[in-house]
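# Descriptive analysis of the structure
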Amino acid sequence: MSKIHVTTTVNGDPVEFLADPRETLLDALRNHLDLTGTKEGCGTGDCGACSVTVDGTLVCSCLMLAAEANGKRVETIEGMAKEELHPLQRKFIEHAALQCGFCTPGILVAAKALLERNPDPTDTEVRYWLAGNLCRCTGYDKIIRAVQDAAAEMRQEHRGAA
Amino acid sequence: MRYHTPTSFADAAAIAAGTTGTLRFLAGGTDVLVQMRAGMVQPDDLIDLKHIPGVDKIERTAEGGWRIGVAVPGIVLGGHAELVRDWPGVVEGMNLVGSTQVQGRATLAGNLCNGSPAADSVPGMVAAGAVATVTGPNGTREIPVENIPAGPGKTNLAKGEVISAITLPPRGKNGGDAYLRFIPRTEMDIAVVGCAVNLRLDGDKVVEARVALGAVAPTVLLSEACAKAIIGTTLDDAALAALAKAAEGEAKPISDKRGTKEFRIDVAGVLARRAAKIAYDRAKGTSK
């Protein structure tokens, strides 16, 4: 079976790889690019553990073929911390908003996408936005509190910078 | 599997017409990739429609309606203020499909072609009078959206045919639409029953109406009996009772894990009443 040559940008770095036509973006990230922070939970778009952004839009990387990423800009959990942890990552630790941690990368990527659109969401808005991210250990209260605390800090920083 | 990326619908139709094995079109992929992974479908040919110019566009038609490309995802529909103002019911139906992540990819045309009787975007499109533009080996034809599904997982499209756009008619004055569904939770579930109502008023009186019911038959139903029950009325209690009775009469559901036949029939009446009231208020301009 002939492979497809895919050229894309992942966390700002240009990358290229050969993908099987049936291969998902999730499998390409993990198996070709060794970016194993993006997790496979269900593989059918229900759990959100594989969340990434593609050209700025939040998607499940298990519901997208690697070949479809050609020419796109992909952002994964590995691109989230810069010099230091992103405020969301820090607040998830402070609030202990995780136990096993398997769902955490997907939730962080999804929460970051929310705060970029809506820096001051209500709890209800956070819950609906994250409805496609399942956590089977912690329960969601601490996750919501961590997101809201990070959002508050980011608003503060934004005001400080302005 | 051969992965095709045609740059025109004529080419897509020609590829599709020439295939002999299992074929799937790829727009958002939120159904196709799940089916591939589950082993339900193993395409020999997969035709990605997203390289065709215009598939990601929402454009005003010359008549004042909206032409929606087949790769426009739910999140873009929801963010299009003018479209939401014209057809809030269509957009709220689509926006109920799946999670935020799914909204980033899932499309109206895909939801329609997946052929689920419970597809949340379809009753709204049917009530709105949406038309699918279908491109095939012999050219292009226009088909009312309600004539696309043939039953669960099946469409009336012929070999080589592909939906190339969805067009909503001009909203016009004094019109409103709404979609409601019942699920046993608040999010991330499949409709037990869905109902869309689209109507136009002259003063306080309903002069035009289209009512569509989802998940109560093998395909989404366009109900003339429901429309008749409210046309010519001011949507008073008697009209709402007649509408509910008509919806109950039209519903021919099955019992399954999501709900019993009796429950679905009852809910069809309840949702028809509630959706009609929302559509009426929107037509009046007294609610969003």
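These numbers were taken from a predicted model, which means no experiment stands behind them.

## Some details on the overall build of chain A
What chain A contains, in helices and strands, is five helices and five strands. Listed by position from the N terminus, the elements making up chain A come as β-β-α-β-β-β-α-α-α-α. For a compact globule of 162 residues, the expected C-alpha radius of gyration is about 15 Å, and chain A comes in at 16 Å, within 12% of that figure. Principal-axis analysis of the C-alpha atoms places the extent of chain A at approximately 50 × 35 × 25 Å. Put simply, chain A has 162 residues, and 43% of those count as buried. A fraction of 60% describes how many contacts in chain A between residues 6 or more apart in sequence connect residues 24 or more apart.

## Description of the nonpolar core
Nonpolar side chains in soluble globular proteins tend to be buried together. All names here are of chain B. Core analysis: the biggest nonpolar cluster contains 140 residues, and Cys195, Val197, Ala272 and Ala275 have the highest contact counts within it. In terms of residue count, helix 11 (residues 261-284) provides more of this core than any other element does, ten residues in total. Aside from chain neighbours lying at most four places away, what touches cysteine 195 is Pro123, Leu180, Leu213, Gly214, Ala247, Ala268, Leu271, Ala272 and Ala275.

## A word on unusual backbone geometry
All names here are of chain A. Unusually for a residue other than glycine, aspartate 55 sits at a positive phi of about 50°. Tracing the chain through its elements places aspartate 55 in the loop between strand 3 (51-54) and strand 4 (57-60). Given 13 C-beta atoms within a 10 Å radius, aspartate 55 is considered partly exposed. Here the phi dihedral of alanine 96 falls at roughly 50°; this positive angle occurs in a residue that is not glycine. Its place among the elements puts alanine 96 in the loop between helix 2 (87-94) and helix 3 (104-117).

## Some remarks on the domain arrangement of chain A
Residues and elements named next belong to chain A. Domain boundaries assigned for chain A yield domain 1 (4-79) and domain 2 (87-161). Relative to domain 2, the C-alpha centre of domain 1 lies at a distance of 22 Å. Listed by partner, the interface residues are 13 residues for domain 1 and eleven residues for domain 2. Here the element with the most residues in the side of domain 1 that touches domain 2 is strand 3; it accounts for three residues. Within the side of domain 1 that touches domain 2, the residues separate by chemical class into six nonpolar, six polar and one charged.

## Quick word on the interface of chain B and chain A
Taken together, the contact pairs 19 residues of chain B with 22 residues of chain A. Of all the elements in the fold, those that place two or more residues in the side of chain B that touches chain A are helix 2 (32-38) and helix 6 (100-103) of chain B. By residue number, the principal contributor to the side of chain B that touches chain A is helix 2 of chain B, which donates four residues. Across the side of chain B that touches chain A, the residue classes break down as eight nonpolar, seven polar and four charged.

## Describing helix 5 (residues 141-161) of chain A
Residue and element names in this part refer to chain A. If you check helix 5, its first and last C-alpha atoms are 30 Å apart, about what 21 residues at 1.5 Å a residue would give, namely 30 Å. Within helix 5 the residues assigned to the buried category are Ile143, Ala146, Val147, Ala150 and Ala151. Seen end-on, helix 5 carries its buried residues on one side only, within an arc spanning 135°. Seen from the open side of helix 5, the exposed residues pointing more than 90 degrees away from its buried face are Asp141, Gln156, Arg159 and Gly160. Looking at the buried side of helix 5, the elements it contacts are helix 2, helix 3 and helix 4 (123-129).

## Looking at the domain arrangement of chain B
Residues and elements named next belong to chain B. When cut into domains, chain B gives domain 1 (2-168) and domain 2 (193-284). Using only C-alpha atoms to locate each centre, domain 1 and domain 2 end up separated by 25 Å. Listed per partner, the contact involves 19 residues of domain 1 and 18 residues of domain 2. Elements supplying a minimum of two residues to the side of domain 1 that touches domain 2: helix 5 (88-95), helix 8 (122-128) and strand 8 (149-151). In terms of residue count, helix 8 provides more of the side of domain 1 that touches domain 2 than any other element does, six residues in total.

## Quick notes on the sheet that holds strand 13 (residues 205-214) of chain B
By definition, the strands of a sheet pair up through backbone hydrogen bonds, in either a parallel or an antiparallel sense. Residue and element names in this part refer to chain B. Taken in spatial order, the four strands of this open sheet run 11-12-13-14, and their pairing is antiparallel. The sheet is open, and its two edges are formed by strand 11 (175-182) and strand 14 (221-223), each paired on a single side. Sheet twist, expressed as the mean angle between neighbouring strand axes with direction ignored, is 20°. The sheet contact formed by strand 11 and strand 12 (residues 193-202) spans eight bridges and is antiparallel. Looking at strand 12, one finds that phenylalanine 182 is bridged to valine 193. Relative to the sheet, helix 5 contacts strand 11 and strand 12, its axis offset from that of strand 11 by approximately 25°.

## Things to note about the sheet that holds strand 5 (residues 66-68) of chain B
Residues and elements named next belong to chain B. Pairing is antiparallel in the open sheet, where five strands are placed in the order 4-5-10-6-7. Of all the strands in the sheet, just strand 4 (58-60) and strand 7 (139-144) have a single pairing partner and so form its edges. When strand polarity is set aside, the average angle formed by the axes of neighbouring strands in this sheet is 25°. When strand 6 (residues 131-136) meets strand 7, the two strands line up antiparallel, connected through six bridges. Each bridged residue has a counterpart across the sheet, and for alanine 132 the counterpart in strand 7 is isoleucine 143.

## A word on the packing of helix 2 of chain A against helix 3 of chain A
If you want to describe how two helices pack, look at the angle between their axes and the distance between the axes. Residues and elements named next belong to chain A. Running from N to C, helix 2 and helix 3 point in directions that differ by 130°, and their axes come no closer than 10 Å. Relative to helix 3, the element helix 2 is oriented oblique. The way helix 2 lies across helix 3 gives a crossing that is right-handed. Between helix 2, through Leu88, Gln89 and Phe92, and helix 3, the contact on the second element is made entirely by Thr104, Leu108, Ala111 and Lys112. Looking at side-chain class alone, the contact of helix 2 with helix 3 contains four nonpolar, two polar and one charged residues.

So, how was this worked out
Residues numbered from 1 in each chain as written. Chains lettered and ligands numbered in written order. Predicted model: local features only at pLDDT ≥ 70, side-chain atom pairs only at ≥ 80, totals over all residues. Helix = DSSP H or I, 4+ residues; strand = E, 2+ residues; numbered from the N terminus. Rg over C-alpha atoms; globule rule 2.2 N^0.38 Å. Buried ≥ 20, exposed ≤ 12 C-beta atoms within 10 Å, placed from the backbone. Contact = placed C-beta atoms within 7 Å. Core = buried A, V, L, I, M, F, W, Y, C linked by C-beta atoms within 7 Å. Domains from an automatic or database assignment. Nonpolar A, V, L, I, M, F, W, Y, C, P; charged D, E, K, R; others polar. Expected span 1.5 Å × (residues − 1). Arc of directions from axis to C-beta. Pairing = 2+ DSSP bridges. Axes fitted to C-alpha atoms, helices over the stretch in contact; angles between N-to-C directions. Parallel < 35°, antiparallel > 145°, perpendicular 65-115°, else oblique. Left-handed = near helix turned anticlockwise from the far one by under 90°.

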